[in-house]
Amino acid sequence: MAEKVSLHQNAIGEDIQKWTTMYEKRAKKDRDKYGSLYQLLQSFDQFKREYFAYFENAPRHLRYRALQAISDEWAGLSRIAEQRELTRYENALVEADERANRFLPRNLRDQSEFGSVSFYGKTSTIRRSLYSTVSVVSIPRHLHAGHDDHMAAAHEIGHKVFWHLESPEGLRMGESQLHAQIRDDIGKLIKDPRQSRAHLNLALVWLEEGGADVFGTVAAGRRFGESIIEQILKPQIDGVADLLHNDGDHPLPYLRPLLRANVLERMGKGDDAESLRQAWKSYVRDELGIDEQELYSEPLSWFIAQGQRGDGRPNVETIQLSLRDTETVLLNVVVERLFPLARKAFEEGIEIRALTFEGLRQHVEQLGTSKPGEAFHELLTSLSDEEHVVAQASPHSHVYCDSHWLGDPLHFHQSNGTMILCTS
């Protein structure tokens, strides 16, 4: 029988070590330019070592999955490092790092271990790399060498802040305090039980993206509000269906500039808020030719699933919501709760700690799973790239499905008696 090869003895581990060593030397010479990328690589290298050590004597299939999980994560990180080797990208990415760093919470600025590392990808996004305190921000590749107002980074840093609002390591167990507050607020505002449950589901679906919009506005001000109109909405919006399109992650396109205007108002920038609000409404009215009264008369459909049918499938019910109520819940509940958290994080700071392997192990134990080895791989994958899946039923109707860290291929997430269909 062939001798078992150690997980540490593979090309991936050697590659990670090579890049980490190279950027360690560079960081010693120029910490401002290379320090954050070195911190990112060093943190992943350490996490990888402990991850492999845990599975060193595990069954073959778990050893394979451990190698695959680390390989998948390294595939993304190695591209980030390799881009810095290209002369046409390096200076632009260093400048992008510096701009993104201005949007960090106050206590994290000017510290390489908490800095930003930018790279060119398909879309504007941020990697959920909780083994590091570094913010890894993607810039759409087509924006290289121009056509970028540099506001997207404020939104992406907002995601990082949101992940760490209630846990320094970015891990969540059960219903958070923020979720409970929003549930209670909506219950007081919307008296009809079915409507209240549907609005709660919708608010929680939009919560993280809404939180990133709130933080981005606090961090970048009026330009952030103008950016979404000019850079995102005008190129994509062509009619009512586009304005009310629900992608299952972000608040409705029509409501996003209004959310940012609402935050500006809470910041004491009333003139900026009114200017942004009027600019958006004028565009919808004059350029798109859409009457506001007509828009607000459009019904919005949302699904709630309560219980199961005899065949075990969810009993899904369609709820009609008004745009006016949806806007009220978003601005007077969601933003109301998120704004003070975002302002405090930006102006005072927020505690962020890297997720160590020991912290991951303890978290898996708390989950009480009977298969911890399987859970590690599921959790590592979700920490890096948590996806949301939406099954569209009509132009304004969607079922929201959230990929969970653990669970069966078809399962449910229960919130205040409401079952939300989920697949993983």
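Conventions adopted
Residues numbered from 1 in each chain as written. Predicted model: local features only at pLDDT ≥ 70, side-chain atom pairs only at ≥ 80, totals over all residues. Heavy atoms only, no water. Helix = DSSP H or I, 4+ residues; strand = E, 2+ residues; numbered from the N terminus. Buried < 20%, exposed > 50% of the residue type's maximum accessible area, 1.4 Å probe, protein only. Contact = heavy atoms within 4.5 Å. Areas by Shrake-Rupley, 256 points an atom, 1.4 Å probe, with all protein chains shown as cover. Axes fitted to C-alpha atoms, helices over the stretch in contact; angles between N-to-C directions. Parallel < 35°, antiparallel > 145°, perpendicular 65-115°, else oblique. Left-handed = near helix turned anticlockwise from the far one by under 90°. Nonpolar A, V, L, I, M, F, W, Y, C, P; charged D, E, K, R; others polar. Core = buried A, V, L, I, M, F, W, Y, C linked by side-chain atoms within 4.5 Å. Pairing = 2+ DSSP bridges. Patch = residues over 30% accessible without salt bridge, like charges linked within 9 Å, V, L, I, M, F, W, Y side chains within 5 Å. Salt bridge = Lys/Arg side-chain N within 4 Å of Asp/Glu carboxyl O. Lys, Arg positive; Asp, Glu negative; His and termini not counted. Charge placed at Lys NZ, Arg CZ, Asp CG, Glu CD. pLDDT = per-residue confidence, 0-100.

A.B. asks: Please clarify how the overall build of the protein should be interpreted in this entry.
C.D. replies: Per the secondary structure count, the protein includes 15 helices and 9 strands. Residues classed as buried in the protein amount to 53% of the 424 residues present. Of all intrachain contacts in the protein linking residues separated by at least 6 positions in sequence, the fraction that spans at least 24 positions is 67%. Accessible surface, the protein: about 19,800 Å² in total, of which carbon and sulfur atoms supply 46%.

A.B. asks: How should I be thinking about the packing of helix α8 (residues 222–236) against helix α11 (residues 270–287) in this particular structure?
C.D. replies: For any two helices packed against each other, the geometry comes down to the angle between their axes and how far apart the axes lie. Axis separation between α8 and α11 bottoms out at 9 Å; the angle between their running directions is 15 degrees. Considering their axes alone, α8 and α11 lie roughly parallel with respect to each other. Between α8 and α11 lies a crossing of right-handed hand. Every residue of α11 that contacts α8 at Arg222, Gly225, Glu226, Ile229, Leu233 and Lys234 is listed here: Asp272, Ser275, Leu276, Trp280 and Tyr283. Taken together, the residues that form the contact of α8 with α11 break down as 5 nonpolar, 2 polar and 4 charged.

A.B. asks: It is not clear to me how the nonpolar core should be interpreted in this structure. Could you clarify?
C.D. replies: It is characteristic of soluble globular proteins that their nonpolar side chains tend to be buried jointly. One finds Tyr51, Leu243, Tyr254, Trp280 and Leu323 to be the most contacted residues of the largest nonpolar core, which totals 109 residues. In this structure tyrosine 254 touches Leu243, Trp280, Lys281, Val284, Glu292, Leu295, Tyr296 and Leu323, once residues within four positions along its chain are discounted. Counting residues in each nonpolar core, the second largest holds 5 residues, with Tyr89, Leu93, Ala96 and Ile139 among its members.

A.B. asks: Whenever I open this one, the sheet that holds strand β3 (residues 135–140) confuses me. Can you help?
C.D. replies: In any sheet, the strands associate via hydrogen bonds between backbone groups, in a parallel or an antiparallel arrangement. Spatially, the 3 strands line up as an open sheet ordered β1-β3-β2, and their pairing is mixed. Edge positions in the open sheet fall to β1 (116–121) and β2 (125–126), since each of these has one partner strand only. Looking at chain direction, β1 and β3 are connected through 6 bridges and run parallel. Looking at the pairing, valine 117 lines up with valine 136 of β3. Against the sheet, helix α4 (residues 87–101) contacts β1 and β3, and its axis sits at roughly 130 degrees relative to β1.

A.B. asks: Would you mind going over the packing of α8 against helix α10 (residues 256–266) with me for this structure?
C.D. replies: Look at α8 against α10: their axes get within 9 Å of each other, and the N-to-C directions meet at 175 degrees. What the angle tells us is that α8 and α10 run roughly antiparallel. In this structure, α8 uses Arg222, Phe224, Gly225, Ile228, Ile229 and Leu233 to contact α10, whose residues at the interface are Arg256, Pro257, Arg260 and Leu264. Residue composition of the contact of α8 with α10, by class: 6 nonpolar, 1 polar and 3 charged.

A.B. asks: Where do I start with the environment of tyrosine 54 in this structure?
C.D. replies: Along the chain, tyrosine 54 falls in helix α2 (residues 31–55). You can call tyrosine 54 partly exposed: its relative accessible area is 37%. Sequence separation of tyrosine 54 and arginine 361 is 307 residues, and the distance between their C-alpha atoms is 9.6 Å.

A.B. asks: Teacher, can you tell me more about unusual backbone geometry here?
C.D. replies: For residues besides glycine, phi is generally negative; the peptide bonds are generally trans as well. Of note in this structure, aspartate 110 is not a glycine but carries a positive phi near 60 degrees. Tracing the backbone shows aspartate 110 in the loop between α4 and β1.

A.B. asks: Is there a simple way to explain a positive patch on the surface in this structure?
C.D. replies: Where like charges cluster on the molecular surface, the positive patch consists of Arg79, Arg88, Lys122 and Arg141. Structurally, arginine 141 is set in the loop between β3 and α5 (152–163).

A.B. asks: Honestly, the pairing of β3 in this entry has me stumped. Any pointers?
C.D. replies: The two faces of a sheet get side chains in turn, since along a regular strand they alternate between them. Across the 6 residues of β3, 6 count as buried, placing the element largely inside the fold. Across the two faces of β3 the burial is the same, with Ser135, Val137 and Ile139 and Val136, Ser138 and Pro140 all buried. Relative to β3, β2 runs antiparallel, the two being bridged by 2 bridges. In the sheet register, isoleucine 126 faces β3, and the bridge partner there is valine 137.

A.B. asks: Is there a simple way to think about the confidence of the model for the protein in this case?
C.D. replies: Segments scoring low in pLDDT should not have their predicted coordinates read at a detailed level. Considering every residue of the protein, the mean pLDDT works out to 83; 82% of them sit at 70 or more. Across the protein, element-level confidence peaks in α10 with a mean pLDDT of 98 and bottoms out in strand β6 (residues 388–394) with 27. Overall, residues 386–424 carries pLDDT values under 50, and its contacts beyond four positions in sequence, including any with other chains, amount to 108 contacts.

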